[in-house]
Each structure stands twice: as structure tokens, then as C-alpha cells.
Amino acid sequence: QVQLVESGGGLVRPGGSLRLSCAASGRTFSTYAMGWFRQPPGKEREFVGSISYGSTNIFYADPVKGRFTISRDNAKNTVFLQMNSLEPEDTAVYYCATPAARWLTPTSAAGYNYWGQGTQVTVSS
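If you're wondering where the values come from, they're calculated on a predicted model, not measured in any experiment.

Rules behind the numbers
Residues numbered from 1 in each chain as written. Predicted model: local features only at pLDDT ≥ 70, side-chain atom pairs only at ≥ 80, totals over all residues. Heavy atoms only, no water. Disulfide = S-S within 2.5 Å. Helix = DSSP H or I, 4+ residues; strand = E, 2+ residues; numbered from the N terminus. 1 Å grid on protein atoms, 1.4 Å probe; cavity = no way out; pocket = protein on both sides within 12 Å on 5 of 7 lines; lining within 4 Å. Points joined across faces, edges and corners; volume = space filled by probe spheres on them. Nonpolar A, V, L, I, M, F, W, Y, C, P; charged D, E, K, R; others polar. Phe/Tyr/Trp six-rings, centres within 6.5 Å; stacked < 30°, edge-to-face > 60°. Buried < 20%, exposed > 50% of the residue type's maximum accessible area, 1.4 Å probe, protein only. Lys NZ or Arg CZ within 6 Å of the ring centre and 35° of its normal.

Caption draft 1: Geometry of the state of the cysteines. With the rule as written, the count across this model stands at one disulfide. The residue that forms a disulfide with C22 is C96, at a sulfur-sulfur distance of 2.0 Å. On the sign convention where negative is left-handed, the bridge of C22 and C96, at about 55 degrees about the S-S bond, is right-handed. With C22 in strand 3 (residues 18-25) and C96 in strand 9 (residues 92-98), the pair connects residues that are 74 residues apart, well separated along the chain.

Put into C-alpha cells, the structure is as follows:
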């Protein structure tokens, strides 16, 4: 059974940084893409970015390009989301996700089958 557990959320001032982690278990981590999504208060869940199984392809949503960086450590079954220059608009519950199919790197929620429980990120002064 695939399990994803996010950590690293919290309260940060505008302009600050946070690093989220997502630990995966239950299958061979290194052959599946990983994605990050977020759900701001009162809004729909939205794509943040995704990384292919071998880190060759990394995609970002326009609002986070140049500020957020996705990486993964296949030896530790963990994917990371480094968030810099945070803005109040980045306030959301952040989720990691992974698809059922190997090798693909989806860029929408429809492509993901397994989700973590989410971690709250609040950007406020």
C-alpha cells in the first residue's frame, strides 16, 4: 500500500523560506513521478509542480516558477519542495502525490492516484 507523509509546514513571514518533505513507502519509489499540489483557503486544489522518476523532467506552475524548487532523493524515498520568497498568496495546505503508472510525469491532479494528508503553510506577518 502506497503511503505518503508530508512534513515541514508552518508559519513563515513574507519573503521567508520553507522546505517541505514527503516520505513515500509501499512500492519502488525510484520508478514513479512525484507531484506537489496546494489548496488555498476556499479555493480548489492546484498544481504546484512535478518531478519525473529520475529527476530529468521538472515542471512548475507559473505562480511558483523561480521561487520554488522540487528535488528528490531516491535513496531515501523522499521528495522535497524548497519554497523561497514566500508570499501571502502561497498560504495553503500542501500535498504530495504520486501516480499509479510508472514513468509518466503528470501535471494535473487527474494524473495522480495516491495523496498525502497535507501540511499547512501559512505566510503572514
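Caption draft 2: Representation of empty space enclosed by the protein. Per the counting criterion, the structure on display carries one cavity of 30 Å³ or more. Quantified by volume, the largest cavity comes out at close to 60 Å³. What lines the largest cavity is V2, L4, A24, S25, R27, T28, F29, Y32, M34 and T98. Considering only residue class, the lining of the largest cavity consists of six nonpolar, three polar and one charged.

Caption draft 3: Spatial organisation of the packing of aromatic side chains. Applying the stated criterion across every chain, the model contains five aromatic pairs. When the centroid spacing of 4.9 Å and the interplanar angle of 55 degrees are considered together, the rings of F37 and W115 count as tilted. Of the two residues, F37 is situated in strand 4 (residues 34-39) and W115 in strand 10 (residues 114-115); the sequence distance between them amounts to 78 residues. Note on F37: relative accessible area 1%, which makes it buried. Overall, W115 belongs to the partly exposed group, its relative accessible area being 27%. Their ring planes at 75 degrees and their centres at 4.9 Å tell us that Y53 and W103 sit as a pair that is edge-to-face. With a gap of 50 residues between them, Y53 in the loop between strand 5 (46-51) and strand 6 (58-60) and W103 in the loop between strand 9 and strand 10 connect regions that are remote in the sequence. On the basis of relative accessibility, which here comes to 33%, the residue Y53 falls in the partly exposed class. The ring of F29 carries the charged tip of R72 above its face, separated from the ring centre by 4.3 Å.

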